[in-house]
Amino acid sequence: MSKPILKINNFSLAYQNLGQSFPALKNISLEIASGEKVALVGPSGCGKSTLAKMLMGLIQQQIKTDGQILWNSEDLTKFSQRRWQEVRGKEIAMIFQDPLTSLTPHIQVGKTLTESLKVHNLLGNESRINKAVTLLEEVQIPKADQRAKQYPFEFSGGMRQRVMIGSAISCKPQLLIADEPSTALDVITQEHILSLLREVADHATEHAMILITHDLAIVDGLCDRVIVMEQGEIVEDRATKELIRDPQADTTKQLLAAVPSLNTPIFPKEMAKDAPSLLKVENINLIYQSSSGLFKKRTESTHAVKDVSFDVKKGEILGLVGQSGSGKSSLLRAILQLKPATSGHIFLDGKDIMGLTGEDLRQTRQTMQLVFQDPQASLNERMTIGDAIAEPLLNFKVCSKEEAKERSREMLKQVALDPNWYYRYPHQLSGGQRQRVCIAKALILKPQILLCDEPVSALDVHVQDEILKLLEELRETYGLTMIFITHDLTVVRRIADRIMIMKTGEIVETLGAKEFLEKATHPYSKQLIHAIPQIEVEINKDGN
Amino acid sequence: MLQIALRRIALAPITLFVLVSFTFLMIRLAPGGPFDGERELPPEVIEALNEQFYLDKPLPKQYLNTLKQAITFDFGSSMKHRDRTVREIIREHLPNSIKLGALAISIAICVGLVAGMTAALNANKFGDWGTMLICVIGISLPTFVFGPILQLIFGMKLKWLPIAGFETPNQIILPAITLALPFSARIARLARTGFLEVLKEDYVMSAKARGSSMARILIQHVLPAAVRPVVSYLGPAIAGIVTGSLVVEMIFLIPGLGREFVEGALNRDYPLIMGTTFVYGSFIICSNLTADLLNRWLDPQSRGAEE
Amino acid sequence: MIHKALLSICYLTACVSTALAERPQWEQDLLPEDDDWKKTEQVFRFNNGTEPESLDIHLATDSASIRLLLSLYEGLTVLDPLSLSPQPGLAASWEVSDDQKTWTFKLRAGLKWSDGSTITAKDFTYAWQRALTPATGCSYANMLFFIENAEAFFKGDLPFDKVGVKAINDQELQIKLKGPTPYLLDILSFPTFFPLNRKVDRSDVAWSKKNHISNGPFILKDWKVRARMTLIPNPHYRDREIVKLKEIHVLPLDNMNTAYQMFLKGELDWLPTIPQARFEEVQRHPDYYVAPYFGTYFIRFNVEQPPFDDVKVRQALAYGTNKKQITGEILRGGQFPVGNFCPKIPAIGYEAPAGLPYDLNKAKQLIAASKYGPGKVPMPNVSYLYNTSEAHKIVAEALTQQWKEKFGISMIAQNMEWKVFLKEMKNLNFQVCRSSWIGDYGDPSTFYDIFLSYSGNNRTGWANKEYDKLAEKASQESNTQKRLNYFKRMEVILTQEDCPILPIYRYVSQGMITEDVFGLEMNFRNLVYLKYIWLEKE
C-alpha cells in the first residue's frame, strides 16, 4: 500500500451553539492511501457527512475541533481561505447527495462542469465549451455538444448527477468524496450512477475515493474497505468482504439487516377471485394539453395515462411501481378527480364517480384519502399536529370541535404517537413522526381507500421500516384498502398483495406479490428487479 | 417569452381604457368642481368655462370626448392654469420626473443590493443588525424629514451642494438620494432575504466545493437568483418613485410631474388629472412589464417557456 | 458711436432733470440718496410662494400672479406703496364731472408697449371688453360692474358700445359710472383694469407665456414653470430710469422650509412668507419683519341651522370667545385678535367699530336667554367644518375646547379637503365653519359686499334688508364721510347685532428680507412695486 494522503489523528469536533457544545465526531483516527476506495457507512446522524464536509472545509456553523487532519502532511484544520480555494475541486472534490439542487439553475451546465478547471486555471488553451463536451462524453451523456449549452432544468436527476461527477473528476483530484450520490435517485438510475462511479474508480487507480452511504448493499463491488460510524465514533474499519461476512459491531449488523432484500420472505394476502372490487378503473386516459402561441394556437399534448384498467378488491393493498414520469401520479390524480380523466370510467363501490361535481365530489373525496411523499410540505407549520389531524373532521362537519379533539387524540395513539403531543408543532417532530401525523390525518375520516404516494421514499431505512409496519397494523385494524405508489420494488414487495408495473403511462404487468420475482416477464420488470443492489455474500442473519 | 411580452403589450390599451374610464367616473363623483373657489365666480363666467371645457354636455358625450382626448393624447388646456395645455405640462415636466426617478432608482438598487448582501453575509452578526436597523429607519423616516436634513447638512453646513432647484446637474443629487432612501431600504431587506435564501442552497455549497472564490460565488451563482425578489419589487418601486415624488419635488423645487398630478387632483383639474393619470398608467404598465420580463429572463426555465 | 454716446448722455441728463424737477414728493422718498448702490450687482431674488396661476391679467386671481402683474404692467393709476393713496400711472391727469359719474383720463405722452408700439386709450377699451366677455373666464369680471351698462353687456343684454367706457381719442379715455365710486382711482391700479396690447393673438392659450407684451417696468424674459421666472427691465417703460434692478429671479417654492434655508444661505433676498413650523426661530432672526395685512380670519355661522338660528347664541359666542388666547397662546404668529370684520383703511380714513368685547358674563346671560337656555330646547351638538390644514386645525381645537368649557356646547371639528369644503360651504351644508377674506381694493365695500343677501359669497343663509339698503346707499353717496358712516353701520349689524360671522383675528404678513434690499416698502395691502427696489451692500 502506498503512503497515506489523508491521515486523521484523534480528531474530535463539536458544534457550538449559544454557548452549548454538541459533539459530532469523537476521537476519529483513520488513514487513506492514494488509490484507496473507502466507504464511510452509518445511520443518519452518525457524523459521516460532518466528517466529509470537514475534509472540504465546508462546515458553516461554529465548531470546535481537536486533533489533526493531515492532508499530504499539511494540517487542514489550519488552512486559510486561500489555501482551501486551492484544495477544493483540485485536490479534493466532492459529489453531493441531491443532484436536483446541487447545480446552479441559472448557469449553463457546461459552465458548471468546467468551473473547477476555470478557477484553478487548468483549462489550458482548450475552450471551455469543448472541454465541457469532452467531460459530458466522459460521464456518458449523449448529444454532449447540445447538452453543454442547456440549463439544469432540462436534465433529469440522473443526468444531473452525471454532471456533478463530471465536474468533480474534471481536475483529477487526489481524493473524491461522494456523499450519498445515489440515494435521491430511483433504482434504475441509481444503478447507472453507481456503475459510472465504479468506472471512474477503476479508471483512476491513483486517486482515492470516499463513498458515504447508509446502504451497505451499494458498497460491495465499489469499495475495498468499509468504515462504520455510529454516534461520531468509528466502530468498525475493515475490508469490505470481511465485514460483510463477519460483522462485529451492532451497528454493522443492523445496517446489514436493513438492506432491502428480495429474499425476505413475504406473506401477501391472497384475494378471492370473486371478492368484490372496491375500486374499479376502466380504460382511463389522461391527456394534458398545453397551448402556446399568441395568434396561432399550438397545442402540445402529453398522453400521461394510456388506457389503464385495473381493480382493487376490498381490503387489498395494490402496489403501483414505476419510475418518475411513468404516469403513476397522474393516474392517482385522475382517480381523485383532481385532474379529471380525458376518458374512461372509475367505479367506487360500484358507483361511477367520473364527472361528479360539487357536493357529490366532496363526499366521494371524503372516502378516498391521500398520503403524500413529503411529510414536511404537507403539514401546516403553524398548526399543532392535533389540530391538523382534527381539521378534516371540522372541514367535513363530521362532529363537534370537542369530539374532533378527542378523536384526534385517539388517532395519535393509533399511529403510535403520544396523545399528549396534541399541541406540538410539526417542526418539533422527526420525518417519520410527521409521516405518522399525515397518516393519522388521512385516516381520521375513516376512508374506504387510502392512496399512498411514495409515503416512505423520503425516509431513511429504519424509519421506512417502522412506517411500513404501522401501515400493516392499520390495515389489520381498519381493514384498509390501499393503493401504494412507489418506485422501490423492495418496499412494494413487502407491503403489497399485488404489484402493478407502470411505464410511460401504461400498465405493463400485474402480478401477485409472491410470484412477482419469478414470473415477471416484461423486460422492464426484469430491469427493475435487476437494478436492486444486493449483497452477494451469504450473510449470517442470526444477529439482530 | 417574446409571446408573453407581445400578449402583455396587446393588453396594455385595454388596461388604459379601463383606467381612463374609471378615472373619468371617479373625478366626476368627487365633490366640488374645478371652478369652485373661495371667491364665487359670476355664473355667466362659470357657464362660459363649462362650455369651453365641454362640461355643459351630457356625461356620455363628455366621456366620449375624454376617450377621444386619450387616443389623440390631446387633453386640451388645464382648468387651473388655463394658459397651459396638459400636453405642454407633461412635455415639460415628465422628463424631469424621469431624470430624477432614474437616478433615484439606480441609487436605490446599488445601495440596496450592497447593503442587503452585506447584511446577508454577516447574518445575525453586528453588520447585519446595523444594516437592518438603518433600513428600518430608512423605511420609516419620512421624506419631508430626511430631505430637509440633507439640505441642512450638505447645503447649509458643508455647502457642497445647492439646497434646491433643478437647473444644474449637481442639484439632482440631494433629491435623488432623498427619493431613493425608502426604496433602497426596502430593496436591502428584500436582497437580504434573497441572498440568505440562496446562500443556503446546495448549489452554493457545491460551487464552493469546486474551489470558487467567494466573489465568484456571489456574482455568478448567488446574485442572479437572489435579486429575483428585488426585480419583482422593481415594477411597483419604479411606479412608486415616479408617482411618489411629490414631496421631494416640493422640498427641492423640482418641476416634476408628481406635483401636477397631485395638484390636478386637488384642484379638480379634470384634463390635467386625465393626462397625468394616463401617463402614469402607461408608465406603470411599462415598468411592471419590464420587471416581469426581466424576472422571467433571470430564470432559464421560464425564459425558455413558450418560445 | 460718438453720436450714440452723445445721445445717451443727453437722455441721461434729461432724465435726471425730470427726476429732480418733476418727480412728486412721494416718489422721491423712494429713491436712493446717492449712487453707492451702483457698486452692487442689481440681481434680486425672491420666493413667490407658488407657481403663478396665470400671467393673463384677466385669469389671474392668486397673490403670486398679482404680485408679478403689478410689476409687469401698469394701469391708469398706481398706489403710493407707503400711503396706498392712488397716484397717476399711465394717466397723466384726470377730470371728474360734478356728479362724480364721468371721469376722463388723459394718458401720458409717448407711452409704449414693451415691443415699442404705442399705448393708446383703445388698449384699455379692448382689455375691458375682454374682461367683461364671459367666455374669457375672468373671475373678477364683476369688479367692473360699477361702470355704466357693464353688467348688462356681461349678461349679453347690451352691445359693448353702450358700456360706459370710451376712447375719445388715442390719448383720452372716458369712463361713465353707475354711481359715484370713490374707490375708482384705487381700483384702477388693480390688474383687471390694465390695458392689453391688441396685436397679440389671444386665441392661443399660451400667449401669456410665449408672447408676453407688457407695459410695466419689467418684462418677462424667461419662464421655467415650477422652477424659475426671470424678469428684466422693460426698455420702453415710461420711467426706465427709476428701474434699478438688472434682473429679478422669481422662485415658486411652496416649501417654506426650503425657501428659508435658501434665504439663510444667501440664495434668496426676500421671503414674503415664512415657515410657520419654525416661527420661534425665524422671529429671532434680524431679517424678520411683520406687517399688518388686509385680511380677516373669521367663522361663518349657518343661521338656518340650530343652535345658530338664534341670534342670541351667535352674539353670546362673539362675546364669549377668547380670541386673545387663540392668537397669543395657540397661533403665536403675530396675528392680533379682532372683533370687527373690515380692517382699517388709512388712505381714506376708515376705521370700523371695534366689535363686541370679550365678556363671559354677558355671553352666559345671552345663552341663558336664548331658546337653548336652561330648561328650554336642549343645546344641539355642533360640527365645525374646516379645510384640512394644521393652522385651521389648532384654531378648531381651541374653539371646541373654549365653547365646551364655557357654554357646554359639544362640538366636533371636522376637516375636509379644500374643494369638498367649498362645496359644503356653498350649499350651506354646515353649522359653523372657518373662513377668511382678503380685500381686493382700498375700500370697505371689498369686505362688506360679500354679505349682501344676493352675494354668491354670503354662504351663511343670513340676509338683512337694512344691510343691503346701506350698501346701495353707500354706492350712490358721493360724500366720503357719509359713505363711511354707512359702512360703520354695516359693520355694527354684521359683527354686533346679527352676528352671522364671528371675526377671530387679523392676518399679518410676515417675511424675511436681507438688509441689502432697499425700496421694498411693506404696506398692509401687501402690494409691492418691484421697480423701486435696489440692492446696496455696505
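What counts, and where the lines are drawn
- Residues numbered from 1 in each chain as written.
- Chains lettered and ligands numbered in written order.
- Predicted model: local features only at pLDDT ≥ 70, side-chain atom pairs only at ≥ 80, totals over all residues.
- Heavy atoms only, no water.
- Pairing = 2+ DSSP bridges.
- Helix = DSSP H or I, 4+ residues; strand = E, 2+ residues; numbered from the N terminus.
- Axes fitted to C-alpha atoms, helices over the stretch in contact; angles between N-to-C directions.
- 1 Å grid on protein atoms, 1.4 Å probe; cavity = no way out; pocket = protein on both sides within 12 Å on 5 of 7 lines; lining within 4 Å.
- Points joined across faces, edges and corners; volume = space filled by probe spheres on them.
- pLDDT = per-residue confidence, 0-100.
- Buried < 20%, exposed > 50% of the residue type's maximum accessible area, 1.4 Å probe, protein only.
- Contact = heavy atoms within 4.5 Å.
- Buried area = accessible area lost by both parts, 1.4 Å probe.
- Salt bridge = Lys/Arg side-chain N within 4 Å of Asp/Glu carboxyl O.
- Polar contact = N/O pair within 3.5 Å; in protein donor to acceptor, adjacent residues only side chain to side chain.
- Nonpolar A, V, L, I, M, F, W, Y, C, P; charged D, E, K, R; others polar.

A word on the sheet that holds strand S18 (residues 481-486) of chain A. Backbone hydrogen bonds are what pair the strands of a sheet, in a parallel or an antiparallel way. All names here are of chain A. In space, the six strands of this open sheet follow the order S16-S17-S18-S13-S19-S20, with mixed pairing throughout. Of all the strands in the sheet, just strand S16 (368-371) and strand S20 (506-512) have a single pairing partner and so form its edges. On average, each strand axis in the sheet is inclined to that of its neighbour by 20°, with strand direction left out of account. As judged from the five bridges shared by strand S13 (residues 317-321) and S18, these two strands associate in the parallel manner. What sits directly across from Leu318, in S18, is Ile483.

What follows concerns empty space enclosed by the protein. A complete count under the given rule lists six cavities of 30 Å³ or more for this structure. Here the largest cavity defines a volume of roughly 60 Å³. A:Gly89, A:Ala93, A:Met94, A:Phe96, A:Ser116, A:Met164, A:Ser167, A:Ala168, B:Ser206, B:Ala209 and B:Arg210 are the residues that line the largest cavity. Counting only elements with at least two residues in the lining of the largest cavity, the list comes to strand S6 (92-95) and helix H8 (157-169) of chain A together with helix H8 (202-209) of chain B. If you tally residues by element for the lining of the largest cavity, the top one is H8(A), at three residues.

What follows is about the confidence of the model for chain B. Looking at chain B as a whole, the pLDDT averages 88, with 98% of positions reaching at least 70. As a predicted assembly, this complex carries a pTM of 0.77 together with an ipTM value of 0.85.

What follows concerns helix H14 (residues 358-367) of chain A. Listing the buried residues of H14(A) in full gives A:Leu361, A:Thr364 and A:Gln366. Buried residues along H14(A) sit against strand S14 (343-348) and S16 of chain A.

Let us now look at the sheet that holds strand S7 (residues 175-179) of chain A. Residue and element names in this part refer to chain A. The sheet built from six strands is open, its strands ordered S6-S7-S8-S3-S9-S10 with mixed pairing. Each edge of the sheet is formed by a strand with only one pairing partner; in this case those strands are S6 and strand S10 (233-239). Sheet twist, expressed as the average angle between the axes of neighbouring strands with direction ignored, equals 20°. Where S7 lies against strand S8 (residues 208-213), five bridges are found, and the strand directions are parallel.

Taken together, the contact between chain C and chain B spans 54 residues of the former and 50 residues of the latter. For the pair chain C and chain B, the summed buried area comes to about 4,500 Å², and 51% of that belongs to carbon and sulfur atoms. Taken together, the links from chain C to chain B amount to 11 salt bridges. Notably, a salt bridge pairs B:Glu167 with C:Arg228, separated by 2.7 Å at the nearest N-O pair. Counting across the interface, chain C meets chain B through 22 residue pairs in polar contact (both at pLDDT 80 or more). At the level of elements, helix H7 (207-210), helix H8 (256-265), helix H14 (418-426) and strand S16 (432-438) of chain C are the ones that each hand at least two residues to the side of chain C that touches chain B. When grouped by side-chain class, the residues that make up the side of chain C that touches chain B number 23 nonpolar, 13 polar and 18 charged.

On the side of chain A, 34 residues touch chain B, which itself brings 26 residues to the contact. Taken over both partners, the interface formed by chain B and chain A buries close to 2,500 Å², and the fraction arising from carbon and sulfur atoms is 56%. As a salt-bridge pair, B:Arg210 and A:Glu115 come within 3.0 Å of each other at their nearest N and O atoms. If you list the elements that add at least two residues to the side of chain B that touches chain A, you get helix H1 (2-29), H8, helix H9 (214-226) and helix H14 (300-304) of chain B. For the side of chain B that touches chain A, the element with the most residues is H8(B), which contributes seven residues. Residue composition of the side of chain B that touches chain A, grouped by class: 10 nonpolar, eight polar and eight charged.

Next up on the list: helix H13 (residues 328-336) of chain A. The α-helix advances 3.6 residues per turn, and as a result positions three or four apart in sequence lie on the same side. Residue and element names in this part refer to chain A. Most of H13 sits inside the fold, with seven of its nine residues counted as buried. When H13 is considered as a whole, its buried residues turn out to be Lys328, Ser330, Leu331, Leu332, Ala334, Ile335 and Leu336. Phi for Gln337, located one or two positions after H13, is positive at around 65°.

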